[in-house]
Structures are given as C-alpha cells and as structure tokens.
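Structural overview
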Amino acid sequence: MGLKILAPAKINLGLEIGEKNKNGYHEVDMVMQSISLFDEMELIISSTGTIEIEIDKKLNCPPGKNIAYRAAREFFEYTKISGRGIKIKIKKSIPMFAGLAGGSADGAGVIIGLNKIFETNLELSEMCKIGEKVGSDVPFCIIGGAACARGTGTNLTSINTLPHCNILVVKPFFSVSTFEAYSRFDSMKMTKERNMNALVTALELQDLSGVCANLYNRFEEIVDNEEVFEIKNKLQKSGALGALMTGSGSAVYGVFENRGKAEICLQDLCGRYEFVSLAQPLNHGAFLI
C-alpha cells in the first residue's frame, strides 16, 4: 500500500480575460472555488528509478505531457532527489477537458504526496513554485478553498469560500480545448473588461444570492455550442440561484441553496449528459487520506 490522496476539482465563480503579456500568455482575473468532486490517487515508491503513471481511464495523452508525470519530474528536479522511482495510480472522477482542473488537481496531489512520502518538508510556497512550472491552475489546486487569481493565474489571494450550498456539475458530451478557446477569443472583438469586485465582496459577506447574481465567465461569449446555455437554463428553472460554465468549458454548474431541489434536478439530468454530480464547496486543496 502506498500514500493515498484526494485531489478536488475547481469551478470558476468569475473569469475575465485580459491582454496578452510579453510572453504571449493572457492576463486573467479569476475567482476560483474548490469543490467536493475528487480524483483519487495513490503514490507508491518503486525500485525502477522511473516515474510510472497508471490511470483507470484511457486518456489520449502521452506520459511526458501528463500533468501528474510532469509534476513528479519537477518535484524531483527541485528537491534534487535522484534515482528514486515512483508509481502514481490515478482513479479519475473529474471529467477531462471540462474546465474543472482535473489534470491540475492531479498535479497538485502528486506534489503534496511526494512532499510527504519523501519527507522533504517543503513550504506551501515551495510546492506552489513547483506547481507553476507544470500548469497555471496547479498552485490553486494545492492551496484550494477560494481565491482570486490574477496575472497568468498563479498570483493567488485567498478569500472566503462559498457559504454552504449544493453545486450541481453537468458536463455535456462535447469537450473544449483551452488552446482553441483562447484562439477564438483572440479573433473576436470583446466588450469592456469586467472586474470581479462585486463577486468578491459578496463572498466576503457570505452572501450566496449576491455571489450568484455576479457569476461571470468571459468564455461564455466564445463557446459555440448552444447546449451550454440549455443546461444553464435547465439548472435555473430547477431552482438554482445561479448557473455558469466553468473555465473554458464545457462543464456547467448550478448553485442550489435547497438540497432537495438540487437532488431532484440531479435525478432529472442523470443519463442525459456525459457527467452529472452533486458537490459542495471546500476550504482546502488536495489532501492525504
């Protein structure tokens, strides 16, 4: 038996896209929230001297591009650990290419797990520094809870999490490439940038209705599949206080104050979409179990 970790997904409560910086990356202004939808991971020290990835679902991703693999490689490089092998077993529950940070969550879980299993005693800031090299959402998935993310998404400020509520996540049968979504953004003329001030204020006041009134995602202006908006409409008609696509899509979530209404909606939507799950907000990122 190895070390077991749960790596939670994230949703975007707010997402605005700005100009490209000198390195060619877009500046963003985001509010992110961890939720109780997890990938389960197990890390086992091996005698191979290599990094092995075992995933319970077939993914069209070579090992060298897998975020969990890259996180382990960057961890070993940062800590100067050499000649040690690790087997990373991943049981996927977070849908991929959905805007839920499934890959980034796995990368965060690997860094936190390796820090424990090799007793390197890294500070949180050091683990986030490793995570930045792997993906812009990885530092947030290490810290978790709720945070404003600016710059390229790695400049994080922790804020109050969502007050207790029920979050129904729905992924349609199509997926979205983040690269293609940003390319589409670059080709379109956008309206004035929207700031996240009202959303953050509502979170700080623990005003769930105020949060839901200020949910925003610039990528919704870019997505070219009407199913996203059909799902949002179904969630709101079923009693969600607010609904939004997360990340660059394609998953959509609805925020319900009433659990009964959320469960009725869950039953209604199950089987009609690729993935439907009910979750709650979390105040932490990936953790050992």
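Note that the coordinates shown come from a computational prediction; the quantities given were computed from them, not determined experimentally.

What counts and what doesn't
Residues numbered from 1 in each chain as written. Predicted model: local features only at pLDDT ≥ 70, side-chain atom pairs only at ≥ 80, totals over all residues. Heavy atoms only, no water. Helix = DSSP H or I, 4+ residues; strand = E, 2+ residues; numbered from the N terminus. Rg over C-alpha atoms; globule rule 2.2 N^0.38 Å. Buried < 20%, exposed > 50% of the residue type's maximum accessible area, 1.4 Å probe, protein only. Contact = heavy atoms within 4.5 Å. Areas by Shrake-Rupley, 256 points an atom, 1.4 Å probe, with all protein chains shown as cover. Lys, Arg positive; Asp, Glu negative; His and termini not counted. Charge placed at Lys NZ, Arg CZ, Asp CG, Glu CD. Core = buried A, V, L, I, M, F, W, Y, C linked by side-chain atoms within 4.5 Å. Polar contact = N/O pair within 3.5 Å; in protein donor to acceptor, adjacent residues only side chain to side chain. Pairing = 2+ DSSP bridges. Axes fitted to C-alpha atoms, helices over the stretch in contact; angles between N-to-C directions. Left-handed = near helix turned anticlockwise from the far one by under 90°. Phe/Tyr/Trp six-rings, centres within 6.5 Å; stacked < 30°, edge-to-face > 60°. Salt bridge = Lys/Arg side-chain N within 4 Å of Asp/Glu carboxyl O. Arc of directions from axis to C-beta.

Along the backbone of the protein chain there are 9 helices and 12 strands. Taking 19 Å as the expected radius of gyration for a compact globule of 289 residues, we find that the protein chain reaches 19 Å, a close match to that expectation. Dimensions along the principal axes, computed over C-alpha positions, put the protein chain at roughly 55 × 45 × 35 Å. Relative to its 289 residues, the protein chain shows a buried fraction of 52%. Counting only contacts in the protein chain whose residues sit at least 6 apart along the sequence, the fraction spanning at least 24 positions is 75%. Counting only carbon and sulfur atoms, one obtains 48% of the accessible surface of the protein chain, whose full area is about 13200 Å². Each charge class in the protein chain can be summarised by its mean position, and for the 31 positive and 33 negative side chains these summaries are 2 Å apart.

Next up on the list: the environment of G102. For G102, the position within the fold is in helix α2 (residues 102-117). Accessibility expressed as a relative area gives 6% for G102, which makes it buried. A sequence separation of 173 residues divides G102 from F275, and the C-alpha atoms of the two residues are 14 Å apart. Residue contacts for G102: discarding those within four places in its chain leaves D39, K92, I94 and M96.

Let us now look at the environment of I11. Tracing the backbone shows I11 in strand β1 (residues 3-20). I11 sits in the buried class, given a relative accessible area of 0%. Distance from I11 to A251, taken between C-alpha atoms, is 9.2 Å for residues 240 residues apart in sequence. When sequence neighbours within four positions are dropped, the list of residues in contact with I11 reads V31, M32, Q33, I35, L100, I167, T246 and Y253.

Here we come to the nonpolar core. Counting 95 residues, the largest nonpolar core has L168 and L235 as its most contacted members. At 8 residues, the largest contribution of residues to this core is made by strand β2 (residues 26-46). Residues contacting L168, with those up to four places away along its chain left out, are L235, V252, Y253, G254, F256, A262, C265, L266, L269, V276, S277 and L278.

This brings us to the side chain of N66. On the secondary structure map, N66 appears in the loop between β3 (51-55) and α1 (67-79). Of the residues examined, N66 reaches a relative accessible area of 10% and is grouped as buried. Within the local environment of N66, its side chain forms a polar contact with the backbone nitrogen of Y69, the two atoms lying 3.1 Å apart.

To continue, consider the pairing of strand β6 (residues 155-159). Of the strand pairs in this sheet, strand β5 (residues 146-151) and β6 are connected by 5 bridges, and their pairing is antiparallel. Opposite R150, over in β6, you have N155 as the bridge partner. Turn length for the β5-β6 hairpin, with the two strands adjacent in sequence and antiparallel, is 3 residues, and the turn residue G153 shows positive phi of about 105°.

Quick look at the side chain of D39 now. If you trace the backbone, D39 turns up in strand β2. At a separation of 2.9 Å, a polar atom in the side chain of D39 contacts the main-chain amide nitrogen of I94. The residues touching D39, leaving out its near neighbours within four places in the chain, are I5, L6, A7, K91, K92, S93, I94, G102 and D106.

Moving on: the packing of α1 against α2. It is at 8 Å that the axes of α1 and α2 come closest, and there the two elements cross at 35°. Pair α1 / α2 crosses with right-handed handedness. Residues I67, A68, A71, A72, F75 and F76 of α1 lie in contact with α2, whose contacting residues are G103, S104, D106, G107, V110, I111, L114 and N115.

Moving on: the packing of aromatic side chains. Aromatic ring pairs are defined here through the distance separating the ring centres and the angle between the ring planes. Counted according to the given criterion, the structure contains 4 aromatic pairs. Measuring from centroid to centroid gives 5.8 Å for F75 and F76, while their planes differ by 70°, and the two rings are edge-to-face. Take F75 and F76: they sit in the same class, and that class is buried. An angle of 85° between the planes, with centres 5.1 Å apart, marks the rings of Y182 and F219 as edge-to-face. Placement of the pair is Y182 in helix α5 (residues 178-186) and F219 in the loop between β8 (216-217) and α8 (227-237), with a sequence separation of 37 residues.

Turning our attention to the pattern of salt bridges. This model, assessed by the stated rule, comprises 11 salt bridges. Across the pair K92 and D106 runs a salt bridge whose closest N-O atoms are separated by 3.2 Å. Here D106 lies in helix α2 and K92 lies in the loop between β4 (85-91) and α2, a separation of 14 residues in the sequence. Between E221 and R218 there is a salt bridge, with its nearest N and O atoms 3.0 Å apart. By sharing partners, the salt bridges in this structure join E16, R218 and E221 into a single network.

Now for α8. For α8, every residue scored as buried is listed here: V228, I231, K232 and L235. In a view along the axis of α8, the buried residues occupy a sector of 100°, so they form one face of it. The elements touched by buried residues of α8 are β7 (166-171), β9 (242-245), β10 (252-256) and α9 (259-269). Among the residues trailing α8, G239 stands out with phi positive, at a value near 115°.

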